[in-house]
Amino acid sequence: MTDPTNDEVADEEVLAIEREIMAAIRLKDAAVLQPMLAGDFCYRTHFGAETDKAGFLQSVTSSPFEILSLHGEELNVNIYGDTAVLTGVQIAEARPPEGEKEESVVAFTDVFVRRDGRWLLVLAYGVELPSELETLTT
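Residues numbered from 1 in each chain as written. Predicted model: local features only at pLDDT ≥ 70, side-chain atom pairs only at ≥ 80, totals over all residues. Heavy atoms only, no water.

A. Structural context of the layout of surface pockets. The calculated volume of the largest pocket comes to roughly 850 Å³. In terms of lining residues, the largest pocket is bounded by 31 residues, among which I25, Y43, Q90, S104 and V106 are the most central. Listed by contribution, the elements that provide at least two residues to the lining of the largest pocket are α1 (4-27), β1 (37-45), α3 (53-62), β3 (66-80), β4 (83-95), β5 (102-115) and β6 (118-129). In terms of residue class, the lining of the largest pocket is made up of 18 nonpolar, eight polar and five charged. (1 Å grid on protein atoms, 1.4 Å probe; cavity = no way out; pocket = protein on both sides within 12 Å on 5 of 7 lines; lining within 4 Å. Points joined across faces, edges and corners; volume = space filled by probe spheres on them. Helix = DSSP H or I, 4+ residues; strand = E, 2+ residues; numbered from the N terminus. Nonpolar A, V, L, I, M, F, W, Y, C, P; charged D, E, K, R; others polar.)

B. Expanded view of the pattern of salt bridges. Using the criterion set out here, one finds five salt bridges in the structure. With a closest N to O distance of 3.1 Å, D40 and R115 form a salt bridge. Of this pair, D40 sits in strand β1 while R115 sits in strand β5, placing them 75 residues apart in sequence. A residue is classified by how much of its surface remains accessible, and D40, at 49% relative accessible area, is partly exposed. R95 is paired through a salt bridge with E66; the nearest N and O atoms lie 3.4 Å apart. Of this pair, R95 sits in strand β4 while E66 sits in strand β3; the two residues are 29 residues apart in sequence, bridging distant segments of the chain. By relative accessible area, which is 34% here, R95 ends up partly exposed. (Salt bridge = Lys/Arg side-chain N within 4 Å of Asp/Glu carboxyl O. Buried < 20%, exposed > 50% of the residue type's maximum accessible area, 1.4 Å probe, protein only.)

C. Expanded view of the sheet that holds β4. Across the sheet, which stays open at both edges, the six strands sit in the order β2-β1-β6-β5-β4-β3 with mixed pairing between neighbours. Where the open sheet ends on each side, the last strands, each with one partner, are β2 (50-52) and β3. Neighbouring strand axes in the sheet, compared pairwise and without regard to direction, differ in orientation by 20° on average. Of the pairings in the sheet, the one linking β1 to β6 comprises five bridges and is parallel in character. Its bridge partner being in β6, C42 is matched across the sheet by L123. Along the sheet face, α3 touches β1 and β2 and points at about 70° away from the line of β1. (Pairing = 2+ DSSP bridges. Axes fitted to C-alpha atoms, helices over the stretch in contact; angles between N-to-C directions. Contact = heavy atoms within 4.5 Å.)

D. Representation of the environment of R19. Looking at the secondary structure, you find R19 in helix α1. Each C-alpha atom of the pair R19 and H71 lies 7.6 Å from the other, and the pair is 52 residues apart in sequence.

E. Spatial organisation of the packing of aromatic side chains. Summed over all chains, the structure comprises two aromatic pairs. Plain terms: the ring middles of F41 and F56 are 5.1 Å apart, the flat faces sit at 55° to each other, and that makes the pair tilted. With F41 in strand β1 and F56 in helix α3, the pair connects residues that are 15 residues apart, well separated along the chain. Taking 5.5 Å as the distance between ring centres and 40° as the angle between the ring planes, the aromatic pair formed by Y43 and F56 counts as tilted. In this pair, Y43 is assigned in strand β1 and F56 in helix α3, connecting sequence segments 13 residues apart. Exposure remark for Y43: the relative accessible area of 25% places this residue in the partly exposed category. Among the aromatic residues, those joined into a cluster by ring pairs are F41, Y43 and F56. (Phe/Tyr/Trp six-rings, centres within 6.5 Å; stacked < 30°, edge-to-face > 60°.)

Here's what the structure looks like:
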């Protein structure tokens, strides 16, 4: 039987790391982001696109968009021993180099594993959803 107190602590640890990951992505800070990703990290989309840790870090730092805000909503963590599954909705506001502000809404699942006492992100999966702006204009 699992100890609910330990699961609550693990939940908070995973949520804290998720906030740090989102902050590093918003700032395009690969040096901060890199140690939070496992060496065998994988990012997948519903289109079948897949990238490894190096490719993901490269895409974060080379994006021409200025990320104005990035946060998660409806975040839920499930702990399974040394594995944590976090689901939620990521909402971002960004501006392309020459353009108007855009909103992105992504339903996501992040999988963390505890290795050497630290939670590391091993898998991220995201599905782009219609944003509120798109819903209002269609």
